[in-house]
Amino acid sequence: MAPLSGRFPLDDDELATSIGEALVALSAKLAVAETTAGGLISARLLSVPGASRWFERGIVPYTGTARRSILDTDTDILRTHGAVSPEAVADMVERLRTIAEVDYAIGESGIAGPQGSRRSPKPIGSVVMAVTGPAGTVSEERVFPGSRAEVMVQISDRTLEMLLHALRS
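Cut-offs and rules
Residues numbered from 1 in each chain as written. Predicted model: local features only at pLDDT ≥ 70, side-chain atom pairs only at ≥ 80, totals over all residues. Heavy atoms only, no water. Core = buried A, V, L, I, M, F, W, Y, C linked by side-chain atoms within 4.5 Å. Buried < 20%, exposed > 50% of the residue type's maximum accessible area, 1.4 Å probe, protein only. Helix = DSSP H or I, 4+ residues; strand = E, 2+ residues; numbered from the N terminus. Contact = heavy atoms within 4.5 Å. Pairing = 2+ DSSP bridges. Axes fitted to C-alpha atoms, helices over the stretch in contact; angles between N-to-C directions.

A.B. asks: Honestly, the nonpolar core in this entry has me stumped. Any pointers?
C.D. replies: Soluble globular proteins: nonpolar side chains tend toward being buried together. Counting 31 residues, the largest nonpolar core has Ile-19, Leu-23, Leu-30, Leu-45, Trp-54, Ile-106 and Leu-163 as the members making the most contacts within it. Mapped by element, the contributors of at least two residues to this core are α1 (14-26), β1 (30-34), α2 (40-46), β3 (104-110), β4 (126-133) and α6 (148-168). With eight residues, the single largest contributor to this core is α6. Setting aside residues up to four positions removed in sequence, Leu-30 forms contacts with Leu-23, Leu-45, Trp-54, Phe-55, Glu-56, Arg-57, Val-102, Tyr-104, Ala-105, Ile-106 and Leu-163. Within the second largest apolar cluster, 15 residues are counted, among which are Leu-71, Val-93, Leu-96 and Ile-111.

A.B. asks: Explanation requested: the sheet that holds strand β5 (residues 136-143) in the structure shown.
C.D. replies: One key point about sheets: their strands pair by backbone hydrogen bonds, in either a parallel or an antiparallel sense. Taken in spatial order, the five strands make up an open sheet running β2-β1-β3-β4-β5, and their pairing is mixed. Strands with a single pairing partner mark the edges of an open sheet, and in this sheet they are β2 (55-59) and β5. The mean angle between the axes of side-by-side strands here comes to 10 degrees, regardless of whether they run parallel or antiparallel. Note that β4 and β5 share eight bridges and pair antiparallel. Considered in β5, the bridge of Val-131 is made with Val-138.

A.B. asks: What's the story with unusual backbone geometry in this structure? I'm lost.
C.D. replies: Most peptide bonds adopt trans geometry, and most residues besides glycine take a negative phi value. One non-glycine residue, Asp-72, adopts positive backbone phi at about 55 degrees. Mapped onto the elements, Asp-72 comes out in the loop between α3 (64-71) and α4 (75-81). A positive phi angle is found at Glu-101, which is not glycine, with a value near 55 degrees. Position of Glu-101 relative to the elements: it lies in the loop between α5 (86-100) and β3.

That's the geometry; what it means functionally is another story.
Right under this line is the structure:
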């Protein structure tokens, strides 16, 4: 099997290292809730030596049932907007930040494929990512091209880029 982009995301991950350095400089803690990336975001962050200083927890609430039982997500938001919506992902990260008692929380929800969702008309590759911290919550919607694995890597890249931007702002 050929690598996705010539390197595995955990090899010399400069983005994750920069995030760790920024969190240490801020004396801040982080929690992660990822659905579509399936733990890749957390794995990238935990590949950084010393991550225990700033990484509190990572969860993969893959189903709506898991989101409700672990994060007590707002059922009305999920029903009204769907799981792949700025409203739902913002709710997920804000609840995680409170539950984990951390300074920052990031999360994402999407449709990686190869098939679309029975409940959503959104195309394969659709994702919403969010970051919450002391300055508030920001979210972003994207549609990433490629295979399921390629979509997962792109989701982890963009979510971590959003976090680094929030840490540096």
